[in-house]
Amino acid sequence: MSDKPLAGIKVIDFTGVQAGPACTQMLAWFGADVIKVERPQGGDVTRNQLRDIPDLDALYFTMLNSNKRSLAINTKTPEGKEVMEKLIRESDILVENFAPGAMDRMGLSWEHIHELNPRLIFGSVKGFNDDSSWNDLKVYENVAQAAGGAASTTGFWDGPPTISGSALGDSNTGMHLMIGLLTAIIQRNATGLGQKVSVSMQDAVLNLTRVKLRDQQRLEKVGYLEEYPQHPHGEFGDAVPRGGNAGGGGQPGWILKCKGWETDPNAYIYFTIQEQNWKRTAEAIGHPEWVEDPDYTSARARQPRIMEIFGEIEKWLADKTKYEAVDILREWEVPCAPVLSMKELAEDPDMRKSGTIVEVEQKERGTYLTVGSPVKFSGFKPDIKGAPLLGEHTDEVLADLGYDADDIRKLHEGQVVA
């Protein structure tokens, strides 16, 4: 018996780009047999997007599709649809993130799938939920960040709404869908019945932006937000403003320059002033006189001069690299961290040791880095493998479904599969 938690779960991965593949990749890491269904010509569009090596699968694809098997098939042919229906009858989960209505047009509506296999769980990612008046819109990452409240609350108050570098719309939605699928599996195992699990990108972004909805309600009651840099000197409108790099909770924080910032765009730390640690924080940065000064002793007293305080901390940081600063501040239990670049993360030995960044190999590409499982288990460690080539497992998957060598040859000759 396999020691992988999801061993024995069969998943049809009918997804492309990022939101769906992020979900199914994690299912594969945890032991599910994930069959990625792709078009024979070209496959997932990310195979050839943003290539770094001509004619090879792009990193965009390889970093979202490891541990899967690839079935290249034309589902629009009668024979292709028949293969899909056989696969549906034998699977536990089907995940799709096509444009609205595409599955219905393919003849694979939820109702038909449920009829073919009442135990199957149907996972769906869309831009907006079914009750939204925008549910016909096609959505990409940044569209979701705009619609889910992240863009309007990110950036500086005197600048435009800003998109995060993190995939709040895509990978985040995939993680939400995975939670739903695993929940539905538990219920299916009790009732014998599958169900449709839907996650919209707008909803998933808003779920991660919930503290800003908290702030909206506070703003409407009080007229200001005490922890935002705009208070008490600036003005508040009727919606939550952009707060720059302020902390989202009751503990003020800011991104501060360290030694070398003039030439290194990431020579910064994030510094948090934790109220219960104020005495040690003041001592750490060379201002012990602030400990007893009534202008500084409480968060409320500090707020009108918070940017001045951060300015003083920057003076203390001026002759220290971000690493040196954090090494000093950790001794004083100040919540802080260096601003790490992608290059620093890629080369970080701790990340490699923990399996958060993994070097894997794909047949044609050779080795590349990918982000491994952010979830760590005491009883099992995901074995992350390279992404499949297009159609690499077509014959294997067909044989699993009971097709013999002659049947498989005919499907190739008829250009149903590749």
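The protein chain is annotated in an unreviewed UniProt entry as Formyl-CoA transferase from Streptomyces scopuliridis.

**Q** Would you take a moment to explain the overall build of the protein chain for this structure?
**A** Summing up its helical and strand segments, the protein chain has 17 helices and 11 strands in all. By its C-alpha atoms, the protein chain is 85 × 45 × 40 Å across when sized along the principal axes. Carbon and sulfur atoms make up 53% of the accessible area of the protein chain, which totals about 21000 Å². Of the charged side chains in the protein chain, 45 are positive and 62 negative; the average position of the first set lies 2 Å away from that of the second.

**Q** Just to check I follow, could you spell out the state of the cysteines for this structure?
**A** Under the counting rule described, the total for this entry stands at 0 disulfides. Cys336 forms no disulfide, and the closest cysteine sulfur to it belongs to Cys258, at a distance of 9.3 Å.

**Q** Help me out: how do you make sense of the layout of surface pockets in this one?
**A** The method is simple in principle: a probe with the dimensions of a water molecule rolls over the atoms, and the space it marks as empty is what remains. Roughly 1200 Å³ of internal volume is contained in the largest pocket. If you go around the largest pocket, you meet 39 residues; those closest to its centre are Gln18, Met63, Ala167, Ser171 and Val371. Elements represented by at least two residues in the lining of the largest pocket include exactly helix H1 (19-29), helix H2 (59-62), helix H6 (141-147), helix H7 (171-191), helix H14 (342-346) and strand S11 (366-371). If one sorts the elements of the lining of the largest pocket by residue count, H7 sits on top with 6 residues. Grouping the amino acids of the lining of the largest pocket by side-chain chemistry returns 25 nonpolar, 13 polar and 1 charged. Of the volumes computed, that of the second largest pocket is approximately 1100 Å³. Surrounding the second largest pocket, 36 residues form its lining, Gly16, Val17, Asn97, Phe98 and Ala99 being those nearest its centre. Among the secondary structure elements, those contributing two or more residues to the lining of the second largest pocket are strand S2 (33-38), helix H4 (102-105) and strand S5 (121-126).

**Q** Sorry, what's going on with the environment of Ala346 here?
**A** Counting through the fold element by element, Ala346 comes out in helix H14. Residues Ala346 and Pro288 lie 58 residues apart in sequence; the distance between their C-alpha atoms is 39 Å. Discounting residues that sit within four places of it in the chain, Ala346 has contacts with Arg352, Ile357 and Leu369.

**Q** Looking at this structure, I do not really get the environment of Pro232. What am I missing?
**A** Considering the arrangement of structural elements, one finds Pro232 in the loop between helix H9 (210-222) and strand S7 (253-257). A sequence separation of 71 residues divides Pro232 from Gln303, and the C-alpha atoms of the two residues are 7.6 Å apart. Beyond its immediate chain neighbours, meaning those up to four positions away, Pro232 contacts Gln303 and Pro304.

**Q** Sorry if this is basic, but what is going on with the sheet that holds strand S3 (residues 69-72) here?
**A** Reading across the sheet, the 6 strands line up as S3-S2-S1-S4-S5-S6 and stay open at both edges, with parallel pairing between neighbours. Since the sheet does not close on itself, it has two edges, and those belong to S3 and strand S6 (196-200), each with one partner. The average undirected angle you get between the axes of adjacent strands in this sheet is 20°. In the sheet, strand S1 (residues 10-14) pairs with S2 via 4 bridges, with the strands oriented parallel. Paired with Ile12 across the two strands is Ile35, which belongs to S2. Here helix H3 (residues 78-90) sits on the sheet and contacts S1, S2, S3 and strand S4 (93-96); the angle it forms with S1, its principal contact strand, is near 140°. With respect to the sheet, helix H8 (residues 201-208) is in contact with S5 and S6, its orientation differing from that of S6 by roughly 65°.

**Q** Sorry if this is basic, but what is going on with the side chain of Thr173 here?
**A** Mapped onto the secondary structure, Thr173 falls in helix H7. The residues contacting Thr173, other than those within four sequence positions of it, are Val125, Leu168, Val199, Ser200, Met201 and Ala204.

**Q** Whenever I open this one, the pattern of salt bridges confuses me. Can you help?
**A** Counted under the stated rule, the structure contains 29 salt bridges. Across the pair Glu85 and Lys81 runs a salt bridge whose closest N-O atoms are separated by 3.9 Å. Here the residue Glu85 and the residue Lys81 both occupy positions in helix H3, the gap between them amounting to 4 residues, near one helical turn. For Glu85, a relative accessible area of 16% corresponds to the buried category. One salt bridge connects Arg280 with Glu333, and the closest N-O pair in it is separated by 3.7 Å. Of this pair, Arg280 sits in helix H10 (residues 278-284) while Glu333 sits in the loop between helix H13 (322-331) and strand S9 (336-338), and the two are 53 residues apart along the sequence. Salt bridges linked by common partners bring Asp33, Arg69, Glu396 and Asp400 together as one network.

**Q** Can you help me understand the pairing of S1 in this one?
**A** A regular strand places its side chains so that they alternate between the two faces of the sheet. Summarising burial for S1: 5 of the 5 residues are buried, a large majority. On S1, burial covers both faces: Lys10, Ile12 and Phe14 on one face and Val11 and Asp13 on the other are all buried. After leaving S1, the chain enters H1 and then returns to the sheet as S2, a path that is right-handed. Bridge count for S1 against S4 is 4 bridges, and the pairing is parallel. Bridge pairing in S4 places Phe14 opposite Glu96.

**Q** It is not clear to me how H9 should be interpreted in this structure. Could you clarify?
**A** What sets the pattern is the α-helix's 3.6 residues per turn: residues three or four places apart point alike. With 13 residues, H9 should reach 18 Å at 1.5 Å per residue; the first-to-last C-alpha distance of 19 Å fits that figure. Every buried residue of H9 is accounted for by Lys212, Asp215, Gln216 and Leu219. Buried residues of H9 fall within an arc of 110° about the axis and therefore sit on the same side. Seen from the open side of H9, the exposed residues pointing more than 90 degrees away from its buried face are Arg210, Gln217 and Lys221. Backbone geometry just after H9 places Gly223 at a positive phi near 95°.

What counts and what doesn't
- Residues numbered from 1 in each chain as written.
- Predicted model: local features only at pLDDT ≥ 70, side-chain atom pairs only at ≥ 80, totals over all residues.
- Heavy atoms only, no water.
- Helix = DSSP H or I, 4+ residues; strand = E, 2+ residues; numbered from the N terminus.
- Areas by Shrake-Rupley, 256 points an atom, 1.4 Å probe, with all protein chains shown as cover.
- Lys, Arg positive; Asp, Glu negative; His and termini not counted.
- Charge placed at Lys NZ, Arg CZ, Asp CG, Glu CD.
- Disulfide = S-S within 2.5 Å.
- 1 Å grid on protein atoms, 1.4 Å probe; cavity = no way out; pocket = protein on both sides within 12 Å on 5 of 7 lines; lining within 4 Å.
- Points joined across faces, edges and corners; volume = space filled by probe spheres on them.
- Nonpolar A, V, L, I, M, F, W, Y, C, P; charged D, E, K, R; others polar.
- Contact = heavy atoms within 4.5 Å.
- Pairing = 2+ DSSP bridges.
- Axes fitted to C-alpha atoms, helices over the stretch in contact; angles between N-to-C directions.
- Salt bridge = Lys/Arg side-chain N within 4 Å of Asp/Glu carboxyl O.
- Buried < 20%, exposed > 50% of the residue type's maximum accessible area, 1.4 Å probe, protein only.
- Right-handed = clockwise from strand over helix to strand, strands pointing away.
- Expected span 1.5 Å × (residues − 1).
- Arc of directions from axis to C-beta.

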